[in-house]
Amino acid sequence: MQKHKIIEAQQQFIQKLVGKCTHALTLQTNLSTHNINVQKLEQNISLAKGAMTALKPKFNRLLTGNGHRRKNHHIPIIVVSLEGTLNTYDRNKTLHFHIAFGNFDNTRLDDEFLEKLKSHWIGTGVGTEDIKLDPLIIGREQGWGSYITKEAYKGNEQCIDLTNTQVPNHLLVD
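Heads up: these notes are all about the structure in this document. (Residues numbered from 1 in each chain as written. Predicted model: local features only at pLDDT ≥ 70, side-chain atom pairs only at ≥ 80, totals over all residues. Heavy atoms only, no water.)

**Some words on the packing of aromatic side chains**
When we look at a pair of aromatic rings, we describe it by the centre distance and by the angle of the planes. The final tally for this structure, using the stated rule, is four aromatic pairs. Ring plane angle 75° and centroid distance 5.0 Å describe the contact between Phe-59 and Phe-101, whose orientation is recorded as edge-to-face. In this pair, Phe-59 is assigned in helix α2 (residues 38–64) and Phe-101 in strand β3 (residues 94–102), connecting sequence segments 42 residues apart. For Phe-59, a relative accessible area of 3% corresponds to the buried category. Where Phe-97 meets Trp-121, the ring centres are 5.9 Å apart and the plane angle is 80°; that geometry is what we call edge-to-face. Linking Phe-97 in strand β3 with Trp-121 in helix α4 (residues 111–122), this pair joins segments that are 24 residues apart in sequence. Of the residues examined, Phe-97 reaches a relative accessible area of 0% and is grouped as buried. On the accessibility criterion, Trp-121 (0% relative accessible area) is buried. Grouped by ring-pair contacts, the aromatic residues Phe-59, Phe-101, Phe-104 and Phe-113 constitute a single cluster. (Phe/Tyr/Trp six-rings, centres within 6.5 Å; stacked < 30°, edge-to-face > 60°. Helix = DSSP H or I, 4+ residues; strand = E, 2+ residues; numbered from the N terminus. Buried < 20%, exposed > 50% of the residue type's maximum accessible area, 1.4 Å probe, protein only.)

Put into structure tokens, the structure is as follows:
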């Protein structure tokens, strides 16, 4: 019962953060989970999180130029979820990230944005060309917040990648 309450509290917190985001992003990896043992899965999770850590400064730069280095209020909010750790039975499943992000100038999402992002993601060594970017519909952010935390209810309490999630200070206050 206590574990369920912790998961619910985490989900509510993530939904609150996602409510401050404007876009949703899905990044696929080439890290298959089919029929792998726990040790190999842990290695793949580590590789995926390492790739996200390498991507994040480049992602910040794509969204803000150098603004994120100069002033805290220019730092984009990025909420990162790693999924696929519970599915070792489907041949077509891989580890993948769901990301909610916001607090940037939307004009940065020009025609070149996806191509540059794709190049950076593939450059990590585990990223694929399979990238999906969508605006979050105002009032429906909570749906995405629930979606990216759904694996917590299935036993993956670590689905939110807190190491790679970033929230500027001014967005932490109500």
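On we go from here.
**A short note on the pattern of salt bridges**
Taken as a whole and assessed by the stated rule, the structure comprises two salt bridges. In this structure, Lys-116 engages Glu-112 in a salt bridge whose closest nitrogen and oxygen atoms are separated by 3.3 Å. Placement of the pair is Lys-116 and Glu-112 together in helix α4, with a separation of four residues, close to one helical turn. Judged by relative accessible area, Lys-116 falls into the partly exposed class, the value being 40%. Overall, the relative accessible area of 46% leaves Glu-112 in the partly exposed class. (Salt bridge = Lys/Arg side-chain N within 4 Å of Asp/Glu carboxyl O.)

**Here's the deal with the side chain of His-23**
Following the sequence through the fold, His-23 ends up in strand β1 (residues 23–32). At 2.8 Å, the side chain of His-23 and the side chain of Thr-22 are in polar contact. The residues touching His-23, leaving out its near neighbours within four places in the chain, are Ile-99, Ala-100, Phe-101, Phe-104, Asn-106, Leu-109, Leu-133, Asp-134, Pro-135 and Leu-136. (Polar contact = N/O pair within 3.5 Å; in protein donor to acceptor, adjacent residues only side chain to side chain. Contact = heavy atoms within 4.5 Å.)

**Considering the environment of Gly-65**
Its place among the elements puts Gly-65 in the loop between α2 and α3 (67–70). Linking Gly-65 and Arg-108, residues 43 residues apart in sequence, is a C-alpha distance of 8.8 Å. In this structure, Gly-65 is in contact with Asn-60 and Arg-108, ignoring residues within four places of it in sequence.

**Considering α2**
With 27 residues, α2 should reach 39 Å at 1.5 Å per residue; the first-to-last C-alpha distance of 38 Å fits that figure. Here α2 starts with a cap whose side-chain oxygen sits 3.2 Å from the backbone nitrogen of Gln-39, and that cap is Asn-37. Once α2 ends, the next one or two residues include Gly-65, with phi positive near 70°. (Expected span 1.5 Å × (residues − 1).)

Scope: geometric values only; no functional claims are made or implied.
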